[in-house]
Structures are given as structure tokens and as C-alpha cells.
Amino acid sequence: MQTESARALATDPRNVQALAQEIASTPAGDDPDEALCALLTMTLDQARMAREGGQRFGKRCLDAVSHHLVDLSRKGAVTVGGNIAITRCYVRAGLPVPAGLAPDEQAILQETASLPPGDETNPEAAFAKISESLLNDVGDDPSILHQAFAEILPGIPPDARFLLCKVAAANPDTRFEQLACAWLLDTSEQVRSGALEGLTDRLAAGRLSPQALGRLAVLRSWIVDDPVRQRVDALIRNAIRSGISQDRDTPPSHRIVGCVSSPIDGAGAQSLAIALQKGRARAIAMVLLKQGFGVKDAYVVPCANAAEQRGLLQQISALGGEGDVSLDYIQAALSFALAEGRKNAVYPAPGLADVAEICALTSLRPTQDASVQAMLSAYDPENALASLDPEERETLVAASEDWPPSYPMIANWIEDNDDIFDGTETTSTARAHALWTWLETRRDFWASIIARTALLLKDQGDPEAPSFAMTARAISQGDPLRRIPVMAAIIDQTLEARLAASFTIDEDMPDGADEDIMALLMNLMAPPPQPTRRPPGSKPARKGARRKPK
């Protein structure tokens with residue numbers, strides 16, 4: 001209900017602007033309202049996903065809120081505390097912070113570092129205070145330290161951001177060494193450059209460890225920008241010349257006890273999970289892949305016990321029945337995703353460095369090619385599909401008509417883009433024609449989703465895997481789409497979804513309706529009431545007899 005409510009709110013930019021303004025104007029010394037921040041984060045997240053799917057309301061919402069916040073900042077109506085809170089909301093929603101939302105450098109550093117008013121602040125002094133506070137909060141987990149900095153850095157002016165990252169990367173504490181390596185995958189040029197400078201200083205001071213050298217050797221191939229990758233290569237060469245050698249004999253820190261995958265949905269999203277155990281401690285390494293973006297998110301989450309670990313794994317594979325996969329499949333899927341990210345100049349999530357290290361994925365590299373043909377070659381290295389006669393191929397493609405009952409995820413294989421029906425008549429025939437025309441431009445997208453599914457099903461030993469592979473081949477090679485049953489299913493499901501979404505709220509709503517909607521959303525975000533505790537020795541009230549339902 002919260003997700004659907006946030007999505008509905010995203011369709012009304014005025015209310016989202018008001019919500020953002022309330023947070024941005026948080027008075028100095030006050031903490032921002034956590035419920036408001038949670039609601040804004042969810043709304044921005046829904047708008048982001050809508051924009052990625054080609055739905056215009058997502059872009060309208062994000063543009064309106066961004067412009068409004070920049071205008072407020074220009075007028076001096078964004079407080080330092082409000083800026084920090086807004087930055088956190090954007091980061092948690094997976095969005096870049098609006099470029100114009102830049103407060104005074106000294107003010108933001110003073111507030112972030114909790115320095116007394118009037119102190120002569122500088123980035124080094126501010127960093128010392130920030131790091132002292134963060135280190136006390138995060139314990140020994142570098143990934144939590146990374147997340148804490150991720151919610152601070154985008155709200156700091158670029159020059160100070162570069163210097164803070166440089167000073168952090170050179171800090172003697174070993175947790176900052178891992179943090180600096182992860183920063184090499186950050187979307188901010190200032191963060192990447194600061195981390196590289198700091199690692200260079202770390203090497204000069206004799207503090208670069210063999211573990212860091214090993215991590216750099218793995219992630220260098222994930223780096224999108226050639227100049228940055230060349231600087232990392234120079235750093236690796238200098239480290240080797242200085243006598244540091246990568247320790248290749250270090251045993252894995254955790255034992256892998258299982259791997260699962262979700263099915264691949266209609267947006268090309270797929271969740272991978274690796275179950276880990278170290279003594280009695282358990283954790284799960286999570287990776288989210290998304291078509292067009294590569295590795296969208298990656299992190300390691302601890303589990304309280306084996307039951308919680310099993311429960312999380314079951315949730316991931318719930319829509320696909322049997323979700324168990326091999327570690328080899330995980331690595332292959334990640335390699336294709338990394339290649340797709342490089343092709344589209346999108347950095348993988350920095351947390352992938354933590355996942356690769358804890359799972360000992362030392363050979364994880366992007367493939368040379370992320371095309372449909374490359375995936376089909378990986379599926380069928382002997383090229384057996386091409387040797388089938390035309391009737392056998394046609395039979396395998398025709399079998400896609402029977403996929404939906406056995407593979408529930410196909411029910412959400414739809415097209416969301418608002419451009420599909422521009423200038424189209426409202427008749428069902430005209431809409432279907434427009435959709436078939438649109439799908440001709442989306443052959444590579446759907447062939448890729450189906451080819452990825454074929455690789456997944458092959459690893460799971462599913463007998464229908466050849467049908468998926470052959471269907472992907474037919475789509476990519478230009479076979480008529482109307483003769484491919486699963487494409488007709490995508491047409492029908494898209495039209496049904498459009499019809500269901502055609503209901504719009506009356507624009508002539510009575511006065512006060514906006515306030516009522518906001519009140520409902522805030523109630524949805526509120527935590528559930530806690531049960532009242534009885535005094536010791538008291539007896540529970542007698543319950544009345546249960547009534548029969550009418």
C-alpha cells in the first residue's frame with residue numbers, strides 16, 4: 001500500500017514539491033521528520049522507476065521537484081539541515097542530487113561535522129569530525145561506512161567533496177582503504193579523483209595492502225572511463241614495483257552455502273543472492289541487475305540466523321518457483337551485466353566490490369560482448385540450435401504460447417512507455433497496431449530478456465530452456481513478430497494494463513482533497529501502534545463470543 005500510495009503521489013508534482021519544501025526548510029538545530037523523509041524517498045524512487053520505463057509522469061515529477069528545490073536554494077530557503085535531509089532522500093532513491101542545490105561550503109561542512117558556530121572550519125578539520133562520528137557508528141563494516149558517506153558527499157560542494165575523499169582514502173584506518181576502492185566506481189568525478197589521489201598518497205606512505213591491490217586488480221576492468229582506468233593501472237604498476245604483491249592464496253572469508261535468482265521481469269530486472277556462512281554468522285550477498293544499466297545495486301546484508309537467511313532466499317525466488325542456481329551462473333550473469341554497463345557508460349554499483357571480495361569472485365570480469373548473439377553463444381557453444389531443421393525451430397518458437405502458465409513472471413512482461421500511443425486513435429485496433437509497430441523497435445530488448453531467461457533456465461535444468469533460446473534467436477534475427485506467440489502475449493498484457501491504468505482522478509476534486517490525500521499517505525507511513533502492556537499479575541480481558549460473518 002505504501003508503494004502504490006507513493007506512486008500515486010508521484011503523479012501529483014505539486015504535492016511532492018510541498019513535501020520536499022517542508023523537509024528542505026527544516027529549522028537549524030531540528031531533526032527532519034523521518035516519516036516525511038521516508039515518504040519523499042519512496043515517491044522519488046517510484047518516479048525514478050517510472051522515468052526509466054518511459055512513463056512521462058515520472059520525469060515530470062522529478063523535473064518539477066528538482067527545479068523547485070533549486071529555486072528554493074537560490075532564494076536562501078533551504079537550510080543546511082534541510083539540504084542534508086534532501087540529499088539523503090535522493091541518494092536512497094537512487095537519484096543524483098539536483099546540481100543547483102549547493103549551500104555554502106563552510107556552512108554545510110560545519111553542520112555535517114557538528115562543529116561549534118564560529119569555528120574556523122576547513123575540509124580537513126571537518127573530515128576529522130565526520131570520520132570520528134561515522135567510525136563510532138559503523139563498527140567494523142566498511143559497507144555501512146560507504147553508505148554513510150554516500151548520503152553525505154552529494155550534498156557537499158565539489159571541491160570539498162574531492163578533498164574529503166582524498167583525505168579519507170589516505171586515512172590509516174583499513175576500513176577507508178576498502179572505501180576508497182569502492183569510490184572508484186562512484187558516479188561523481190570528484191569522488192573518483194579524490195579516491196585515486198588518496199590511494200596514491202596511501203601507497204607513498206607505505207600503507208597500501210596486498211588485499212587492496214587484489215581488489216584494484218579485479219575492479220579495474222569494471223571502470224567505464226578510460227582515463228580513470230589508466231590511472232588505476234598506473235597505481236597497480238607502481239604498487240607492484242614497490243614490492244607489494246597480490247596475495248592469491250588467501251582463503252575465502254565466508255563459505256557459500258547456496259545461490260538463488262529471481263526470474264527476469266518485464267523491465268529486465270533480476271535479483272541474485274548468494275548465501276554466506278562464517279562460523280555461526282550468516283549473511284546474504286545481494287545484486288540487482290537491470291537491462292540497460294548493468295549492475296544496478298549490490299550489497300551484503302547480515303542475517304540473524306539460518307531461518308532468516310532461508311526466508312530471504314525464498315522471497316527472492318518466490319515468483320519463479322525453483323530459484324536455485326550455480327555460482328558459475330551467478331558469475332556469468334554478472335559478467336554480461338558488467339559488459340552492458342560498460343557499453344552504456346554506466347558504472348556498476350560500488351557495493352559490487354564488497355560482494356566480489358566476500359564471495360571470492362576474483363575472476364569476475366565483463367564479457368567482451370553483451371549482445372543477444374553473445375548470450376546465445378554462451379547458451380549454445382556447440383551451435384546446436386542452428387543445426388536444427390526449420391520445422392524443429394518453428395516448433396520450439398511455437399512452444400512460447402505455453403510459457404505463461406508455467407512461468408508467472410511472464411505476466412508482467414509489458415511495455416510501459418508513454419510514447420507508444422502518441423497520436424493514436426482510441427480504438428483497440430489502432431492501439432494494437434501502434435503496439436506492434438513499437439515492438440519492432442524493441443526486438444533487441446525483448447530478445448535479450450528471453451535469452452537471459454534461457455541461460456537461467458538452462459542452469460536450473462529446465463526442459464523449456466531451448467524454446468526460450470530459439471525464440472530469442474528468432475526475434476533477434478528478424479522473424480515476423482506476429483508469428484511468435486509470446487510477443488502476442490506481451491501485446492495483450494500491455495493493452496490490458498493500459499486499460500486498467502486509464503482511470504484518472506477527477507481534476508475537479510473538492511477543496512481540501514489534497515490535504516486528505518497527504519494525511520492518508522502519512523498514516524500509511526506511520527509505524528504500527530505498539531500493544532499496551534498489562535501490569536504484572538493482571539489477567540487479560542475476557543473476549544466476547546466470535547460472531548458469524550454476515
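Conventions and cut-offs
- Residues numbered from 1 in each chain as written.
- Predicted model: local features only at pLDDT ≥ 70, side-chain atom pairs only at ≥ 80, totals over all residues.
- Heavy atoms only, no water.
- Helix = DSSP H or I, 4+ residues; strand = E, 2+ residues; numbered from the N terminus.
- Buried < 20%, exposed > 50% of the residue type's maximum accessible area, 1.4 Å probe, protein only.
- Contact = heavy atoms within 4.5 Å.
- Areas by Shrake-Rupley, 256 points an atom, 1.4 Å probe, with all protein chains shown as cover.
- pLDDT = per-residue confidence, 0-100.
- Salt bridge = Lys/Arg side-chain N within 4 Å of Asp/Glu carboxyl O.
- Core = buried A, V, L, I, M, F, W, Y, C linked by side-chain atoms within 4.5 Å.
- Phe/Tyr/Trp six-rings, centres within 6.5 Å; stacked < 30°, edge-to-face > 60°.
- Axes fitted to C-alpha atoms, helices over the stretch in contact; angles between N-to-C directions.
- Parallel < 35°, antiparallel > 145°, perpendicular 65-115°, else oblique.
- Nonpolar A, V, L, I, M, F, W, Y, C, P; charged D, E, K, R; others polar.
- Pairing = 2+ DSSP bridges.
- Left-handed = near helix turned anticlockwise from the far one by under 90°.
- Expected span 1.5 Å × (residues − 1).
- Polar contact = N/O pair within 3.5 Å; in protein donor to acceptor, adjacent residues only side chain to side chain.
- Patch = residues over 30% accessible without salt bridge, like charges linked within 9 Å, V, L, I, M, F, W, Y side chains within 5 Å.
- Lys, Arg positive; Asp, Glu negative; His and termini not counted.
- Charge placed at Lys NZ, Arg CZ, Asp CG, Glu CD.

Caption draft 1: Representation of the overall build of the protein. For the protein, the helix and strand inventory stands at 24 helices and 4 strands. Counting across all 550 residues of the protein, residues that qualify as buried make up 47%. Here the analysis covers contacts within the protein between residues at least 6 apart in sequence; of these, 71% occur between residues at least 24 apart. Accessible surface, the protein: about 28,200 Å² in total, of which carbon and sulfur atoms supply 51%.

Caption draft 2: Seen up close, the confidence of the model for the protein. With 82% of its residues at a pLDDT of at least 70, the protein reaches an overall mean of 85. Long-range and interchain partners of residues 503-513, a stretch whose pLDDT sits below 50, account for 1 contact in this model, where long-range means more than four residues apart. Contacts from residues 528-550, a stretch scored under 50 in pLDDT, to residues over four places away or in other chains number 2 contacts.

Caption draft 3: Region of the structure containing the pattern of salt bridges. Under the counting rule described, the total for this entry stands at 22 salt bridges. Arginine 48 is the partner of glutamate 52 in a salt bridge, and the nearest nitrogen-oxygen pair spans 3.1 Å. Taken as a pair, glutamate 52 and arginine 48 lie in helix H3 (residues 34-52) at a separation of 4 residues, close to a single helical turn. Residue glutamate 52 is classed as partly exposed on the basis of its relative accessible area of 26%. Measuring nitrogen to oxygen at the nearest pair gives 3.4 Å for the salt bridge that ties arginine 498 to aspartate 418. Taken together, the positions of arginine 498 in helix H23 (residues 485-500) and aspartate 418 in the loop between helix H19 (403-406) and helix H20 (428-440) put the pair 80 residues apart, joining distant regions of the chain. What emerges from the salt-bridge pattern is a single network uniting Asp45, Arg48, Glu52, Lys290 and Lys296.

Caption draft 4: Representation of the nonpolar core within the structure. In this structure, Trp222, Val295, Leu334, Leu352, Trp413 and Met487 are the most contacted members of the largest nonpolar core, which totals 103 residues. Per-element tally for this core: the top contributor is helix H21 (residues 443-459), with 10 residues. Excluding residues that lie within four positions of it along the chain, valine 295 makes contacts with Val287, Leu288, Leu289, Leu334, Ala337, Leu338, Tyr347, Pro348, Ala349 and Leu352. In terms of nonpolar packing, the next biggest core, distinct from the first, is built from 29 residues, Ile23, Ala24, Leu40 and Leu95 among them.

Caption draft 5: Representation of the packing of aromatic side chains within the structure. Under the criterion given, the structure shown has 6 aromatic pairs. Geometrically, the ring pair formed by phenylalanine 149 and tryptophan 183 is edge-to-face, given 5.5 Å between the ring centres and 85° between the ring planes. Taken together, the residues span a long stretch of sequence, with phenylalanine 149 in helix H8 (residues 142-150) and tryptophan 183 in helix H10 (residues 174-183) at a distance of 34 residues. Assigned by exposure class, phenylalanine 149 and tryptophan 183 land together as buried.

Caption draft 6: Main features of the packing of helix H9 (residues 158-169) against H10. Two numbers describe how H9 lies on H10: the axes approach to 8 Å, and their chain directions differ by 135°. The angle between H9 and H10 falls in the class oblique. Contact with H9, carried on its side by Cys165, Ala168 and Ala169, involves Phe176, Ala180 and Trp183 of H10 and no other residues of that element. Residues belonging to the contact of H9 with H10 are distributed by class as follows: 6 nonpolar, no polar and no charged.

Caption draft 7: Quick look at the sheet that holds strand S4 (residues 294-303). Pairing is antiparallel across the open sheet formed by 4 strands, whose spatial order is S1-S2-S3-S4. Among the strands making up the open sheet, the edge pair consists of strand S1 (255-261) and S4. Across the sheet, the axes of successive neighbouring strands diverge by a mean angle of 15°, strand direction being ignored. Sheet topology places strand S2 (residues 269-278) next to strand S3 (residues 281-290); 10 bridges connect them, and they run antiparallel. Its bridge partner lying in S3, leucine 276 is registered against alanine 283.

Caption draft 8: Broad picture of the packing of H10 against helix H11 (residues 189-204). The geometry of H10 relative to H11 is characterised by a closest axis approach of 8 Å and an angle of 135° between their N-to-C directions. With respect to each other, H10 and H11 are oriented oblique. Read as a crossing pair, H10 and H11 show a hand that is left-handed. Of the residues in H11, those in contact with Thr174, Glu177, Ala180, Cys181 and Trp183 of H10 are Val191, Arg192, Ala195, Leu199 and Arg202. For the contact of H10 with H11, a count of residues per class yields 6 nonpolar, 1 polar and 3 charged.

Caption draft 9: Representation of the side chain of glutamine 331 within the structure. Mapped onto the secondary structure, glutamine 331 falls in helix H15 (residues 327-343). Excluding residues that lie within four positions of it along the chain, glutamine 331 makes contacts with Leu361, Ser363 and Leu364.

Caption draft 10: Just H15, in detail. A rise of 1.5 Å per residue sets the reference length of H15, with its 17 residues, at 24 Å; its end C-alpha atoms lie 24 Å apart and thus fit the reference within 8%. Burial analysis of H15 places 12 of its 17 residues in the buried class, which makes it a mostly covered element. By the burial criterion, the buried members of H15 are Tyr329, Ile330, Gln331, Ala333, Leu334, Ser335, Phe336, Ala337, Leu338, Ala339, Glu340 and Gly341. Positive backbone phi, at 60°, marks alanine 345, one or two positions downstream of H15.

Caption draft 11: Layout of the environment of glutamine 277. As for its placement among the helices and strands, glutamine 277 is situated in strand S2. Separated by 29 residues in the primary sequence, glutamine 277 and alanine 306 place their C-alpha atoms 9.2 Å from one another. Beyond its immediate stretch of four places on either side in the chain, glutamine 277 contacts His254, Arg255, Val257 and Arg282. Polar contacts involving the side chain of glutamine 277 include one to the side chain of arginine 282, which spans 3.4 Å.

Caption draft 12: Inspection of helix H4 (residues 56-74) at higher detail. Relative to the 27 Å expected for 19 residues at 1.5 Å per residue, H4 spans 27 Å between its end C-alpha atoms, a close match to the ideal helical length. Considered for burial, the residues of H4 that qualify are Phe57, Gly58, Cys61, Leu62, Ala64, Val65, Ser66, His68, Leu69, Val70 and Leu72. Buried residues along H4 sit in contact with helix H1 (2-10), helix H2 (13-24), H3 and helix H5 (80-92).

Caption draft 13: Fine view of a negative patch on the surface. There is a patch of like negative charges on the surface, built from Glu22, Asp30, Asp31, Asp33 and Glu34. For glutamate 22, the location among the structural elements is in helix H2.

Caption draft 14: How the structure looks around the pairing of S3. Counting buried positions along S3 gives 7 out of 10 residues, so the element sits mostly inside the fold. Here S2 folds back onto S3, and the loop between the two strands holds 2 residues, one of which, glycine 279, carries a positive phi near 65°. What sits between the antiparallel neighbours S3 and S4 is a turn of 3 residues, in which glycine 292 has the positive phi angle 90°.

Caption draft 15: Structural context of the environment of leucine 481. By the element assignment, leucine 481 lies in the loop between helix H22 (465-476) and H23. Other than its neighbours up to four places away in sequence, leucine 481 contacts Trp436, Leu439, Glu440, Arg443, Ile475 and Met487.

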